[in-house]
Amino acid sequence: MKKRVLVTGGAGFLGSHLCARLLKQECEVLCVDNFFTGMRRNIEGLLNEPAFEVVRHDVTFPLYVEVDEIYNLACPASPLHYQRDPIQTTKTSVLGAINMLGLAKRLHARILQASTSEVYGDPEVHPQPEDYRGIVNMTGPRACYDEGKRCTETLFFDYHRQHKLDIRVARIFNTYGPHMHPQDGRVVSTFIVQALKGEPITVFGSGTQTRSFCYVDDLIDGLTRLMNASSDVEGPVNLGNPTEMTMSELARLIISLTGSRSRLEFRPLPQDDPRQRRPDISRARELLHWTPQVSVEEGLGKTIEYFDNLLADPHEADKLVWRFPQ
Ligand SMILES: NC(=O)c1ccc[n+]([C@@H]2O[C@H](COP(=O)([O-])OP(=O)(O)OC[C@H]3O[C@@H](n4cnc5c(N)ncnc54)[C@H](O)[C@@H]3O)[C@@H](O)[C@H]2O)c1
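Residues numbered from 1 in each chain as written. Predicted model: local features only at pLDDT ≥ 70, side-chain atom pairs only at ≥ 80, totals over all residues. Heavy atoms only, no water.

K.L.:
Please explain the packing of aromatic side chains as it appears in this structure.
P.N.:
The geometry of an aromatic ring pair is captured by the separation of the ring centres together with the interplanar angle, meaning the angle of the planes. Under the criterion given, the structure shown has six aromatic pairs. Here Tyr-120 and Tyr-132 contribute two aromatic rings whose centre-to-centre distance is 6.0 Å and whose plane-to-plane angle is 25°, an arrangement assigned as stacked. With Tyr-120 in the loop between β5 (110-116) and α5 (143-163) and Tyr-132 in the loop between β5 and α5, the pair connects residues that are 12 residues apart, well separated along the chain. As far as the burial class goes, Tyr-120 and Tyr-132 line up, both buried. (Phe/Tyr/Trp six-rings, centres within 6.5 Å; stacked < 30°, edge-to-face > 60°. Helix = DSSP H or I, 4+ residues; strand = E, 2+ residues; numbered from the N terminus. Buried < 20%, exposed > 50% of the residue type's maximum accessible area, 1.4 Å probe, protein only.)

K.L.:
Any chance you could explain the sheet that holds β5 here in plain terms?
P.N.:
Sheet strands pair via backbone hydrogen bonds, and the direction of the pair is either parallel or antiparallel. With parallel pairing, seven strands are arranged side by side in an open sheet as β3-β2-β1-β4-β5-β6-β11. Only two strands of the sheet have a single neighbouring strand rather than two, namely β3 (52-56) and β11 (237-239). Looking at each pair of strands side by side, their axes are set apart by 20° on average, direction ignored. Looking at chain direction, strand β4 (residues 69-72) and β5 are connected through four bridges and run parallel. In the sheet register, Glu-69 faces β5, and the bridge partner there is Arg-110. (Pairing = 2+ DSSP bridges. Axes fitted to C-alpha atoms, helices over the stretch in contact; angles between N-to-C directions.)

K.L.:
Hey, could you run me through the pairing of β5 in this one?
P.N.:
Residues in a regular strand point their side chains to alternate faces of the sheet. In terms of burial, β5 is largely enclosed, as seven of its seven residues are buried. Neither face of β5 is exposed, since Arg-110, Leu-112, Ala-114 and Thr-116 on one face and Ile-111, Gln-113 and Ser-115 on the opposite face are all buried. Sheet topology note: the β5/strand β6 (residues 167-172) ladder contains six bridges and is parallel. Bridging across to β6, Ser-115 finds its partner in Arg-171.

K.L.:
Before we go on, may I ask you to explain empty space enclosed by the protein in this structure?
P.N.:
Enumeration according to the criterion identifies one cavity of 30 Å³ or more in this entry. If you go around the largest cavity, the residues you meet are Asn-72, Leu-73, Ala-74, Cys-75, Thr-92, Ser-93, Ala-97, Gln-113, Lys-149 and Thr-152. Mapped onto the lining of the largest cavity, the elements with two or more residues apiece are α4 (86-107) and α5. For the lining of the largest cavity, the class distribution of residues is four nonpolar, five polar and one charged. (1 Å grid on protein atoms, 1.4 Å probe; cavity = no way out; pocket = protein on both sides within 12 Å on 5 of 7 lines; lining within 4 Å. Points joined across faces, edges and corners; volume = space filled by probe spheres on them. Nonpolar A, V, L, I, M, F, W, Y, C, P; charged D, E, K, R; others polar.)

K.L.:
What is the right way to look at the nonpolar core in this model?
P.N.:
Most often, soluble globular proteins keep nonpolar side chains buried together rather than apart. Among the nonpolar cores identified, the biggest contains 64 residues, and Tyr-71, Leu-223, Leu-239, Leu-250 and Leu-300 are the most heavily contacted of them. Not counting the four nearest positions on each side in its chain, Leu-300 is found in contact with Tyr-176, Val-188, Ile-192, Leu-250, Leu-253, Ile-254 and Leu-257. Of all hydrophobic cores here, the second largest spans 25 residues; its members include Leu-30, Ala-74, Ala-104 and Val-169. (Core = buried A, V, L, I, M, F, W, Y, C linked by side-chain atoms within 4.5 Å. Contact = heavy atoms within 4.5 Å.)

K.L.:
What am I meant to see in unusual backbone geometry here?
P.N.:
A negative phi angle characterises most non-glycine residues, just as the trans form characterises most peptide bonds. Omega for the peptide link from His-126 to Pro-127 comes to -10°, which places this bond in the cis form. Locating Pro-127 in the fold gives a position in the loop between β5 and α5. The backbone of Glu-26 sits at a positive phi, close to 65°, despite the residue not being glycine. In this fold, Glu-26 is placed in the loop between α1 (13-24) and β2 (28-33). Positive phi is not limited to glycine here, since Phe-35 has a value of about 60°.

K.L.:
Mind showing me how you'd approach the pattern of salt bridges here?
P.N.:
Pairing is possible between side chains that carry opposite charge, provided their charged atoms lie close to one another. Summed over the entire model, instances satisfying the criterion amount to 20 salt bridges. Measuring nitrogen to oxygen at the nearest pair gives 3.1 Å for the salt bridge that ties Arg-4 to Asp-68. Of the two residues, Arg-4 sits in strand β1 (residues 4-8) while Asp-68 sits in the loop between β3 and β4, which places them 64 residues apart along the sequence. Ionic pairing is found between Arg-110 and Asp-166, a salt bridge with its closest N-O pair at 2.7 Å. Here Arg-110, found in strand β5, pairs with Asp-166, found in the loop between α5 and β6; they are 56 residues apart in sequence, far enough to count as distant. Residue Asp-166 is classed as partly exposed on the basis of its relative accessible area of 26%. (Salt bridge = Lys/Arg side-chain N within 4 Å of Asp/Glu carboxyl O.)

Structure below.
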């Protein structure tokens, strides 16, 4: 019998790739999404698959379905999106986790949480291993996301200790690729769209802050390996690409790969913006035999092609203007 897998946030950037990968692995996939940031076009290619089903649902409300495994990805991930309605962001993380953990408990299902490198805040340890506890400003504008995700991790480990739930927690570092929203304000999508349009590339601060970027195919590979790892995986696992670069380097690379004439324009650094980020992925290497395979040049090439096609179609591009739901 096919494994039945629930993916919350399945119409989002990562969720849509995960749904596609699970269908390839012969699973039945139930995609649950409230379409706050998710896009129908992300899952359009899957709608005719007999093993694929979509339900519009907000995870802050209980969900009664029958599945064997749960990937909990529902949560806006870009600062622009999650700061639009910060209270809803915390609710989505915390109430969403309580509802999905309750479901997993009833079904005796394994559940994976899409946590984030944001739990490390603006880190003082570099690169960040899983046992680093992080520095997060709990009253700042990013706290709704960072603290929401930290509380979710707490809930996952309490459900594991108290109810023996079979849990997996992935701490995802910056991931990019096709299906990102062109107006999500994330650095890779923003720089690519600006470069393709020949507009100035807006770099925050002096552009010396660093990030490490993982291509989406690698990340999805890591997530499914973590879910399927046979041994009990104790504790969270970092998933990301350790290749680190400054924002100015990223901007220049995108300019060169797109052949754009855009120039760099420096803007003030947003509050609590982390200065550096690089995952220590020793645990993922050891436990999952996982290491990213796609180079930044190759991954950016595929992402640029995606945005180029999107922007070339004025009808599609217009539909993609992100209008905040009322
Ligand atoms: N992409 C990254 O670099 C990254 C890094 C760290 C963690 N993550 C985590 O991975 C997950 C997916 O991120 P993404 O980049 O695909 O973001 P995304 O915004 O593209 O996807 C999130 C999805 O969740 C849905 N959603 C939001 N609130 C919901 C709710 N209350 N009920 C049901 N659905 C809801 C959205 O409509 C969207 O489809 C998130 O939990 C995010 O925190 C992503």
